[in-house]
Amino acid sequence: MAARGLLHTKNSLLYNMNCFWLIRFPTEIVLRPVSSRRFCLKTDSAVAESCKENGILVNNLACMGVDVKMARRRQPGVLKKLITNEKGLKRFLQSKGATNEVIASIISRYPRAITRSYESLEKRWELWRSILMTDLEIVNILGRSPESFFRSSNNFNMEKNITFFCSLGLTSKHLCSMLTRAPRAFSNKVELNKQMTDLLHEICLSLGGENPNDFVKHIISKNVFILLRSRKQVSANFEFLQSFHLSNEELLALLHGCGADILDLSNEYIKKNFTNAKEKLLSLGCTEREVDRFFISYPRVLFLSSKNLSDKIDCLLQAKIHIKQIVEMSRVLDISIGTVRSRVKELEKTSYDFKTYGIGILTLSKRRFEAKLEKLRSA
């Protein structure tokens, strides 16, 4: 009896110590591993609940392979919407040839895509197909830049842009190139695009151009990215080009050529690269006039960072090429440093003299350079 009473007392004590489960539960339950959930990172569902997101939507997206964390970072408000069209979007894109991986990538990078209705998607696709030849071309663009297709649901605005671009004389081939390279231009408000074309029209007339419409068409077809820039930026770049004291005819010719590619660059970036390049050339004995002519003949130098340009010039100088030769044949700077070094090394074996024969050989295509090198070896 004493032993039984002692056992009862012990049981009561254990119960009071909140350890009752040690006595009442079977061994297999007592020894079951304790869940470590509280020590783990929150799941997508848990995060969705804490952020007041649509849990069903989050789960749907996760099942589709969407990177929910990326979607949450980019457009968090979308995950809170109660009405979305993620399944309809998936079916629509699959019908156009998109893979599940591409669809997941599109939604991850631009979640707002799931808010577009089937009717809106069908109409926009129809507009894009009026420019591009196949569905696959559109899918490829969406894979690179989903924002370009889904950023705006205003199909009427896009239709107006297409009409406007055609009124400038741009052909279907031009529009196809524009949509492939800078599709956002078609999402701009028509008024913005018109403001830019008006600016180009004014620039042409200020230089004495006789065909401003052709000028506008040429600039846009050559550098469509100009439509993504502000009037202020383009005007500043035009003023920068005017600082070279060119005649109107020369500046107009420059803009018809490589100068068109400069108009959409950051003005600060252009000025910085120009200043650094000018200092480099002047330090090597070039005159102010030679520097100006160098930039006019090779405006692409403004795309090169100061270090890249300096390293290329130093590489050519080490090959005993005079700076005057570099300035006169500036396209030699288009060649990578590695290619210059390897070609110089091969030419040295043939005792090639750059002072006598010039540096044009360095600018030849790979096939023509090898053919020329073979002749030098057999000479």
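A brief report on the enclosed structure follows. (Residues numbered from 1 in each chain as written. Predicted model: local features only at pLDDT ≥ 70, side-chain atom pairs only at ≥ 80, totals over all residues. Heavy atoms only, no water.)

### Regarding the overall build of the protein chain
- Check the secondary structure of the protein chain and you find 24 helices and zero strands.
- For the protein chain, the proportion of its 379 residues judged to be buried stands at 40%.
- Put simply, of all contacts in the protein chain between residues at least 6 apart along the chain, 70% involve residues at least 24 apart.
- As presented, the protein chain carries roughly 22100 Å² of accessible surface, and 53% of it is formed by carbon and sulfur atoms. (Helix = DSSP H or I, 4+ residues; strand = E, 2+ residues; numbered from the N terminus. Buried < 20%, exposed > 50% of the residue type's maximum accessible area, 1.4 Å probe, protein only. Contact = heavy atoms within 4.5 Å. Areas by Shrake-Rupley, 256 points an atom, 1.4 Å probe, with all protein chains shown as cover.)

### Some words on the layout of surface pockets
- Empty space within the largest pocket amounts to approximately 160 Å³.
- For the largest pocket, the full set of lining residues is Arg184, Asn188, Leu192, Asn193, Gln195, Met196, Leu227, Leu228, Arg229, Ser230 and Arg231.
- Here the lining of the largest pocket takes four residues from helix α14 (residues 190–206), the largest share from any one element.
- For the lining of the largest pocket, the class distribution of residues is four nonpolar, four polar and three charged. (1 Å grid on protein atoms, 1.4 Å probe; cavity = no way out; pocket = protein on both sides within 12 Å on 5 of 7 lines; lining within 4 Å. Points joined across faces, edges and corners; volume = space filled by probe spheres on them. Nonpolar A, V, L, I, M, F, W, Y, C, P; charged D, E, K, R; others polar.)

### Concerning the pattern of salt bridges
- Under the counting rule described, the total for this entry stands at 14 salt bridges.
- In this structure, Arg229 engages Asp264 in a salt bridge whose closest nitrogen and oxygen atoms are separated by 3.5 Å. Of this pair, Arg229 sits in the loop between α15 (212–222) and α16 (231–242) while Asp264 sits in the loop between α17 (248–256) and α18 (267–283), placing them 35 residues apart in sequence.
- Relative accessible area serves as the criterion here: at 10%, Asp264 is assigned to the buried category.
- Close ionic contact of Asp334 with Arg300 constitutes a salt bridge, the shortest N to O distance being 3.5 Å. Note that Asp334 is positioned in the loop between α21 (323–328) and α22 (337–348) and Arg300 in the loop between α19 (288–297) and α20 (306–318), a separation of 34 residues in sequence.
- Here the salt bridges share partners, and the residues they tie into one network are Glu346, Lys349, Glu374 and Arg377. (Salt bridge = Lys/Arg side-chain N within 4 Å of Asp/Glu carboxyl O.)

### Describing α17
- Within the sequence span of α17, burial applies to Leu251, Leu252, Leu254 and Leu255. Along the axis of α17, the buried positions cluster into a sector of 160 degrees, meaning they face one direction only.
- Taken together, the buried residues of α17 touch α14, α15, α16 and α19. (Arc of directions from axis to C-beta.)

### Describing the packing of aromatic side chains
- Enumeration over the complete set of coordinates arrives at 16 aromatic pairs.
- Here Phe240 and Phe274 contribute two aromatic rings whose centre-to-centre distance is 5.5 Å and whose plane-to-plane angle is 80 degrees, an arrangement assigned as edge-to-face. One end of the pair, Phe240, is in helix α16; the other, Phe274, is in helix α18, with 34 residues separating them in the sequence.
- Given the relative accessible area of 13%, Phe274 is considered buried.
- Judged by centre distance (5.4 Å) and plane angle (70 degrees), the rings of Phe294 and Phe295 are edge-to-face. Like Phe294, the residue Phe295 is buried in the burial classification. (Phe/Tyr/Trp six-rings, centres within 6.5 Å; stacked < 30°, edge-to-face > 60°.)

### Re helix α5 (residues 55–63)
- Among the residues making up α5, those that are buried are Leu57, Val58, Asn60 and Leu61. Down the axis of α5, the sector holding all buried residues measures 160 degrees, keeping them to one side. Looking at α5, the residues exposed on the side facing more than 90 degrees away from the buried face are Ile56 and Cys63.
- The N-cap residue of α5 is Asn54: its side-chain oxygen and the backbone nitrogen of Ile56 are 3.1 Å apart.
- Two residues or fewer past α5, Gly65 is found with a positive phi of approximately 90 degrees. (Polar contact = N/O pair within 3.5 Å; in protein donor to acceptor, adjacent residues only side chain to side chain.)

### Structural notes on the packing of α18 against α19
- Packing of α18 against α19 leaves a shortest axis separation of 10 Å and a crossing angle of 130 degrees. Between α18 and α19, the crossing angle belongs to the class labelled oblique. For the element pair α18 and α19, the recorded crossing hand is right-handed. Counting all contacts with α18, which are made through Phe274, Ala277, Lys278, Leu281 and Leu282, the residues of α19 involved are Glu288, Val291, Phe294 and Phe295.
- Residue composition of the contact of α18 with α19, grouped by class: seven nonpolar, no polar and two charged. (Axes fitted to C-alpha atoms, helices over the stretch in contact; angles between N-to-C directions. Parallel < 35°, antiparallel > 145°, perpendicular 65-115°, else oblique. Left-handed = near helix turned anticlockwise from the far one by under 90°.)

### Quick notes on the environment of Leu309
- The residue Leu309 is located in helix α20 in this model.
- Leu309 sits in the buried class, given a relative accessible area of 4%.
- Spatially, the C-alpha atoms of Leu309 and Asn273 are 9.1 Å apart, while their sequence positions differ by 36 residues.
- Apart from residues no more than four positions distant in its own chain, Leu309 is found in contact with Ala277, Val301, Leu304 and Leu333.

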